[in-house]
Amino acid sequence: MADRVTVIGWDGSPLTAAARGALGAATLVAGAAHHLALPEVPPAAERIRLGSLPLAARRIAAHRGTAVVLADGDPGFFGVVRTLRAPEYGLEVEVVPAVSSVATAFARAGMPWDDAQVVVAHPRTLRRAVNVCRAHPKVAVLTAPGAGPAELGLLLEGVHRTFVICEELGTEREQVSVVTSDKAADHTWRDPNVVIVIGGPAGAGEGGGWIAGRDPGTGPRGWVQPDASYAAGTAHGPGGGAAGVLGEGEREVLRAAQLARLGPRTGDLVWDIGCGAGAFAAEAARAGAAVIAVDHDPAACTRTEGAARRFGVQLQVVYGSAPHVLENLPEPDVVRVGGGGPAVVSAVADRRPRRIVTHAATRDAAERVGRDLTEHGYQVQCALIQSVELDTRAWTETERNVAFLLSGVLPDRAP
């Protein structure tokens, strides 16, 4: 096992005395090509070009001598330190940090970043990184080959964002470019790069926050808001009818149960089909998920956009009739079907989201939907939900609502 492993962060500035001392004593040096070309690397030291981190860690663990690992920025921030400290390698690690590439990128842009989300995009996580960019107004994306600015821009189709693209930070070839997301695919970008994605309402950190990233305390308390927050009255039927009216599938108790069954979270893409007044869509977005809200009624689309503005969340509203309008939408993780009936539920199930939730007014309709979800391979749950509103002055019943809540979970894609 290596006698000592020192991980040195490099941000393009001269190495510190501690870093130079560790590097000068190294008998093995691991890093990228530009790290191994540094003049401070001892000529006699064994050199490992970093590719597979687990493979490099195994070679370092087997080395008899003093090892140094060079990494860009702060190696403890989405860096090699996590891999090297894994118990299976048994390595004692010392870290000499540098300024992270994210901090450098925001410095180049002249922007604060305590209110930013930070994500890593590589081909396996690209879609989830894009969903964070859809849902949040300020995101830093640490990219990888095949998951860079061009791919981010292509997957953000229909959502306007501004990209601040920082290429090869800390080197002589450093370049900072500002483009709109729809133009990012028109260029070839050099690796490594960091993309700052900006758009939508201003972040909560404007006045000085108390927690890094998304402040969970913004907006009113409660996972779901009272019906009065979205509408002055109630009505039965998908879409909710006239402006200011909630549909039966949007009522507070049923909405809370739908959110509980789907569990939308950061990195997810939620479809809300038949979004009505936007109550469910806004609350899924408040949970940190990216949301696409769909409705065939222009008034419903307008109401949903208004709900998003009131609660300070970002979502994409698509006007059109399901199931046809769904064909060109990006793949969802979880879906609420608020209108359209069994045909729409079946079309959604064909896209294989992890979870689907819907409701039915009658047992016959619930059985039809349940059978269809089962045939698509979903594990189905159904509950009869009854809510009774009471006038607490006289404790008399003022309104009663009954609905069948159906949900399907795809076992091979759970959770």
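Residues numbered from 1 in each chain as written. Predicted model: local features only at pLDDT ≥ 70, side-chain atom pairs only at ≥ 80, totals over all residues. Heavy atoms only, no water.

1. A closer look at the sheet that holds strand β14 (residues 290–295)
Within a sheet, neighbouring strands are paired by backbone hydrogen bonds and run either parallel or antiparallel to one another.
(1) Moving on: One open sheet accounts for 7 strands, arranged β15-β14-β13-β16-β17-β19-β18; its pairing is mixed. Pairing within the sheet leaves two strands with one partner each, and these edge strands are β15 (316–319) and β18 (379–391). Taken over all neighbouring pairs, the strand axes of this sheet differ in orientation by 20 degrees on average, direction set aside.
(2) Moving on: This element, helix α8 (residues 252–262), spans β16 (334–337), β17 (355–360), β18 and β19 (396–409) of the sheet and lies at about 160 degrees to β17.
(3) Moving on: Where helix α10 (residues 298–311) meets the sheet, its contacts fall on β14 and β15, and the angle it forms with β15 comes to roughly 175 degrees. (Pairing = 2+ DSSP bridges. Helix = DSSP H or I, 4+ residues; strand = E, 2+ residues; numbered from the N terminus. Axes fitted to C-alpha atoms, helices over the stretch in contact; angles between N-to-C directions. Contact = heavy atoms within 4.5 Å.)

2. Here's the deal with the layout of surface pockets
Once rolled over the atoms, a probe with the size of a water molecule shows which space is left empty.
(1) Moving on: Taken as a whole, the largest pocket spans an internal volume of roughly 1400 Å³.
(2) Moving on: Breaking the lining of the largest pocket down by element, the ones donating at least two residues are α2 (33–36), β4 (66–72), α4 (80–84), α5 (101–109) and β10 (193–198).
(3) Moving on: In the lining of the largest pocket, the residues fall into 21 nonpolar, 12 polar and 9 charged. (1 Å grid on protein atoms, 1.4 Å probe; cavity = no way out; pocket = protein on both sides within 12 Å on 5 of 7 lines; lining within 4 Å. Points joined across faces, edges and corners; volume = space filled by probe spheres on them. Nonpolar A, V, L, I, M, F, W, Y, C, P; charged D, E, K, R; others polar.)

3. As for the packing of α8 against helix α9 (residues 279–286)
For any two helices packed against each other, the geometry is given by the interaxial angle and the distance between the axes.
(1) Moving on: Running from N to C, α8 and α9 cross one another at 40 degrees; their axes reach a closest spacing of 11 Å. The angle between α8 and α9 places the two elements in the oblique class. Here the hand of the crossing between α8 and α9 comes out right-handed. Touching R255, Q258, L259 and L262 of α8 are A279, F280, E283 and A284, all from α9.
(2) Moving on: Residues belonging to the contact of α8 with α9 are distributed by class as follows: 5 nonpolar, 1 polar and 2 charged. (Parallel < 35°, antiparallel > 145°, perpendicular 65-115°, else oblique. Left-handed = near helix turned anticlockwise from the far one by under 90°.)

4. Topic: the pattern of salt bridges
(1) Moving on: Enumeration over the complete set of coordinates arrives at 19 salt bridges.
(2) Moving on: Residues R128 and D268 are paired through a salt bridge, measuring 3.3 Å at the closest nitrogen-oxygen approach. Of this pair, R128 sits in helix α6 (residues 126–135) while D268 sits in the loop between α8 and β13 (269–273), and the two are 140 residues apart along the sequence.
(3) Moving on: Assessed through its relative accessible area of 6%, D268 is described here as buried.
(4) Moving on: Between E367 and R363 there is a salt bridge, and its shortest N-O distance comes to 3.0 Å. Highlighted residues: E367 and R363, both in helix α12 (residues 363–375), separated by 4 residues, approximately one helical turn. (Salt bridge = Lys/Arg side-chain N within 4 Å of Asp/Glu carboxyl O. Buried < 20%, exposed > 50% of the residue type's maximum accessible area, 1.4 Å probe, protein only.)

Everything listed here is a matter of coordinates, which is why it stays silent on function.
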